[in-house]
Amino acid sequence: MYEHDVLIIGAGLAGLRASIEAARMGVDAAVITKVHPIRSHSNAAQGGINAPMTDRGDEWEGHALDTIKGSDYLADQDAVELMSREAGDAIIELEHMGVIFSRNEDGQLGARRFGGQKVARTFYVGAITGSAMLQVLYEQAIKHDVNFYEEWFVSNLIVEDGVCHGVMAMDIHTGELQMIRAKAVIMATGGAGRVFEPSTNALICTGEGLGLAYRAGAPLMDMEMIQYHPTTLAGSGILLSEAARGEGAYLLNAEGERFMKTYAPDYLELASRDVVSRSEQTEINEGRGIDGNIHLDLRHLGRTFIEERLGYLQEVALEFVGVDLAETSIPIRPGMHYIMGGIKTDINGATEVPGLYAAGETANVSVHGGNRLGANSLLDTIVFGRRTAIAAAEFANSAERHSSDESMLASEKARYQALLDRPADLRSAGIRREMGESMVAGIGVFRDQKSIDAATATVKELRSLYQRVAVDNKGKVFNTDIMAAIELDYMLDVAHAICAGANARKESRGAHYRTDMPDRDDENWLKHTLVYKDGEGSRVETLDVTITNWTPIERVY
Ligand SMILES: Cc1cc2nc3c(=O)[nH]c(=O)nc-3n(C[C@H](O)[C@H](O)[C@H](O)COP(=O)(O)OP(=O)(O)OC[C@H]3O[C@@H](n4cnc5c(N)ncnc54)[C@H](O)[C@@H]3O)c2cc1C
């Protein structure tokens, strides 16, 4: 029997930060993760983490305004205000914990300028910011005696009478399924990038957390808001961090022209990501691309600078394209990167399902709205990871221990057994690829009713084919085949919710750009979309955006 006060699913930055705070609150906290904690996708974050530092004259209001404008006024302004106000202290605390942020010539924390912001307020550790933060938070979690279930795969939640009481999970080493009870559960399962193909996200970013919460009755909010990052490698979809443009790299079209001057005369390459990606795609569509790409040019920065400040990017360019960034420009294009949408939470991480909380990329407290600014996601994980743990620990302190019905475990075991027993037929990988490609085609940088309908129809068809998915590996030890089949089950729900959100929003805002409805419509659509599971299907509701100090105006860069 496994039992805790607060159980956190996910050991990325959101989950680890939450676990430290829960331990500080004196509750019995545990983290469960399908990969070793420092293999979580947070490890891949290169560019940095934003924070307005008031002692340097950068007031929180400036960061809040940039974030809200970046979101195309879809972010909830109370949540943004909280994040901006808490950011400075959060960075200093990380520094004190041991994150060795890069420093400037004066020995102060150094900052680079990221997209959609006029001020350099992105703090970084070379080009390995996420990795440096994750290592430190993992050490801190161990120091705080947090319990870890490493390489355990959560495949279902224990939900009774609409309340969440824990999870059902497979110990990947043995294949054994167990119930792990908890008074409060925090979903910190990261993004769902792999619902798209290609994506900058690690292969583990399959988004079960979204599917689990959705099936438990929590709505998914603004799922149509998919971020396409302006600089990903053609073919592989691997990311070249915004740090390149933050440090001064140019974007060039086939004529060798810095075309961003046409689209964002003031911010140029450092306009918000949705704007830059649309500009690139327009150049490509209008015949000014280079083999379907745009070029990213760092040559003028010089070899020493590139190797010191952007060493990891140089490594990726050499290894995957054979390009030396100091000598040659590199072909890039917009690629799926991040989901602004997620499990709807309040500003304390509570979902609509009692006992279930969410933080990090899987959650939508709504600080990113229609478009996330680069380096605001790491900030979101730290600020809301902490806040969510406080709320979850308080809930746990007032909740009774619940003894759940063991028959739930039996039915979860039967679900695995059915996959094992099914004779060889369809494989999950083929369905996953088709889903991913149709999502990029239908819910892309540009979309319209026809493309949304096509993606919706493909996802529906793939859902019916899912009944025929079988697994070849019948073994117990490290059966990643069966995990992939169960991940796909939830990914199809996530894909469905994205299509439903895209279909519902009859305007263009942020990353949701409909060529058939190109204008933002504040009169009717200053609203979030909420997708609820409803029987075998879904229903979409809307919710007003929280506006406090910043009146929506036209967004130009
Ligand atoms: C290549 C890349 C570069 C990026 N660079 C930046 C950047 O410079 N700045 C920035 O702000 N943002 C950046 N981002 C975005 C940012 O890194 C992520 O949004 C953020 O790190 C997500 O953190 P998280 O804690 O929510 O989730 P993750 O770090 O993705 O962790 C998810 C955790 O959930 C666990 N999990 C998931 N499903 C299950 C399951 N079924 N059972 C058990 N465990 C499960 C995983 O094991 C993992 O531990 C980048 C993203 C990518 C892909």
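For clarity, every value in this text was computed on a predicted model and none was experimentally measured.

1. Focus on the domain arrangement of the chain
- Domain annotation of the chain identifies domain 1 (233–333) and domain 2 (407–518).
- Carbon and sulfur atoms supply 71% of the area that domain 1 and domain 2 bury against each other, a total of about 420 Å² over both sides.
- For domain 1, the biggest contributors to the area lost against domain 2 are D274, R278 and Q281; these three give 79% of the whole.
- Applying the counting rule to domain 1 against domain 2 returns 1 residue pair in polar contact (both at pLDDT 80 or more).
- Split into classes, the residues belonging to the side of domain 1 that touches domain 2 amount to no nonpolar, 4 polar and 2 charged.

2. Quick notes on the site of the ligand
- Close to the ligand lie 37 residues, the nearest being S40, H41, S42, E361 and S377.
- Between an oxygen atom of the ligand and a side-chain N or O atom of T33, the distance comes to 2.8 Å.
- Here an oxygen atom of the ligand sits 2.6 Å away from a polar atom, N or O, in the side chain of E361.
- In isolation the ligand exposes 1000 Å². Once the protein is present, 97% of that is buried.
- Among the elements of the structure, α1 (13–24), β2 (29–33), β7 (152–160), β14 (330–339) and α11 (376–398) are those that each provide at least two residues to the shell around the ligand.
- Sorting elements by how many residues they give to the shell around the ligand places α11 first, with 4 residues.

3. Side note on the sheet that holds strand β15 (residues 342–344)
- If you walk across this open sheet you meet the 5 strands as β17-β15-β10-β18-β19, and the pairing is mixed. In the strand order of this sheet, the two ends are held by β17 (363–364) and β19 (537–544), each with one partner.
- Across 2 bridges, strand β10 (residues 220–221) lies against strand β18 (residues 527–534) in antiparallel orientation. By the bridge assignment for β18, M221 is matched with L530.

4. Topic: helix α10 (residues 311–321)
- Looking only at α10, the buried set comprises L313, Q314, V316 and A317. One side of α10 holds all its buried residues, which, seen down the axis, span an arc of 160 degrees.

5. Regarding the packing of helix α13 (residues 428–442) against helix α15 (residues 480–504)
- The contact between α13 and α15 brings their axes to 10 Å, and the two run at 20 degrees. The pairing of α13 with α15 is recorded here as roughly parallel in orientation. The element α13 and its partner α15 pack so that their crossing is left-handed. Of the residues in α15, those in contact with S428, I431, R432, M435 and M439 of α13 are A484, A485, E487, L488, M491, L492, A495, I498 and C499.
- Looking at the contact of α13 with α15 residue by residue, the classes come out as 11 nonpolar, 1 polar and 2 charged.

6. As for the pairing of β14
- Burial within β14 is extensive, with 8 of its 10 residues counted as buried.
- Across 6 bridges, strand β11 (residues 226–233) lies against β14 in antiparallel orientation. For Y228, the partnering residue across the bridge sits in β14 and is M336.
- Note that strand β13 (residues 294–297) and β14 share 3 bridges and pair antiparallel. Its bridge partner lying in β14, H295 is registered against P331.

7. Some remarks on the packing of aromatic side chains
- What the rule picks out here adds up to 10 aromatic pairs.
- Aromatic side chains F196 and Y228 sit 6.5 Å apart centroid to centroid with 85 degrees between the ring planes, which places their arrangement in the edge-to-face category. One end of the pair, F196, is in the loop between β9 (176–187) and α5 (208–215); the other, Y228, is in strand β11, and 32 residues separate them in sequence. The residues F196 and Y228 share a single accessibility class, namely buried.
- Three or more aromatic residues joined by ring pairs make a cluster, and in this case those are Y2, Y149 and W152.
- Note that K118 overlies the ring of Y267, its terminal NZ or CZ placed 4.5 Å from the centroid.

8. Examining the pattern of salt bridges
- Within the structure shown, the criterion is met by 54 salt bridges.
- For the salt bridge of D72 with R520, the shortest nitrogen-to-oxygen distance reads 2.7 Å. Of this pair, D72 sits in the loop between α2 (60–70) and α3 (77–97) while R520 sits in the loop between α15 and α16 (522–525), placing them 448 residues apart in sequence.
- For R520, a relative accessible area of 23% gives the class partly exposed.
- A salt bridge links R463 to D493, with the shortest nitrogen-to-oxygen separation between them at 2.8 Å. Remark: D493 occurs in helix α15 and R463 occurs in helix α14 (residues 449–466); sequence separation between them is 30 residues.

9. Remarks on the sheet that holds β13
- A sheet is described by the order of its strands in space; here 4 strands give the open sequence β11-β14-β13-β12, paired in antiparallel fashion. Where the open sheet ends on each side, the last strands, each with one partner, are β11 and β12 (250–252). Strand-to-strand twist across the sheet, computed as the mean angle between neighbouring axes with direction ignored, equals 45 degrees.
- Relative to β13, β12 runs antiparallel, the two sharing 3 bridges. Paired with Y250 across the two strands is D297, which belongs to β13.

Rules of the game
- Residues numbered from 1 in each chain as written.
- Predicted model: local features only at pLDDT ≥ 70, side-chain atom pairs only at ≥ 80, totals over all residues.
- Heavy atoms only, no water.
- Domains from an automatic or database assignment.
- Buried area = accessible area lost by both parts, 1.4 Å probe.
- Polar contact = N/O pair within 3.5 Å; in protein donor to acceptor, adjacent residues only side chain to side chain.
- Nonpolar A, V, L, I, M, F, W, Y, C, P; charged D, E, K, R; others polar.
- Near = heavy atom within 4 Å.
- Areas by Shrake-Rupley, 256 points an atom, 1.4 Å probe, with all protein chains shown as cover.
- Helix = DSSP H or I, 4+ residues; strand = E, 2+ residues; numbered from the N terminus.
- Pairing = 2+ DSSP bridges.
- Buried < 20%, exposed > 50% of the residue type's maximum accessible area, 1.4 Å probe, protein only.
- Arc of directions from axis to C-beta.
- Axes fitted to C-alpha atoms, helices over the stretch in contact; angles between N-to-C directions.
- Parallel < 35°, antiparallel > 145°, perpendicular 65-115°, else oblique.
- Left-handed = near helix turned anticlockwise from the far one by under 90°.
- Contact = heavy atoms within 4.5 Å.
- Phe/Tyr/Trp six-rings, centres within 6.5 Å; stacked < 30°, edge-to-face > 60°.
- Lys NZ or Arg CZ within 6 Å of the ring centre and 35° of its normal.
- Salt bridge = Lys/Arg side-chain N within 4 Å of Asp/Glu carboxyl O.

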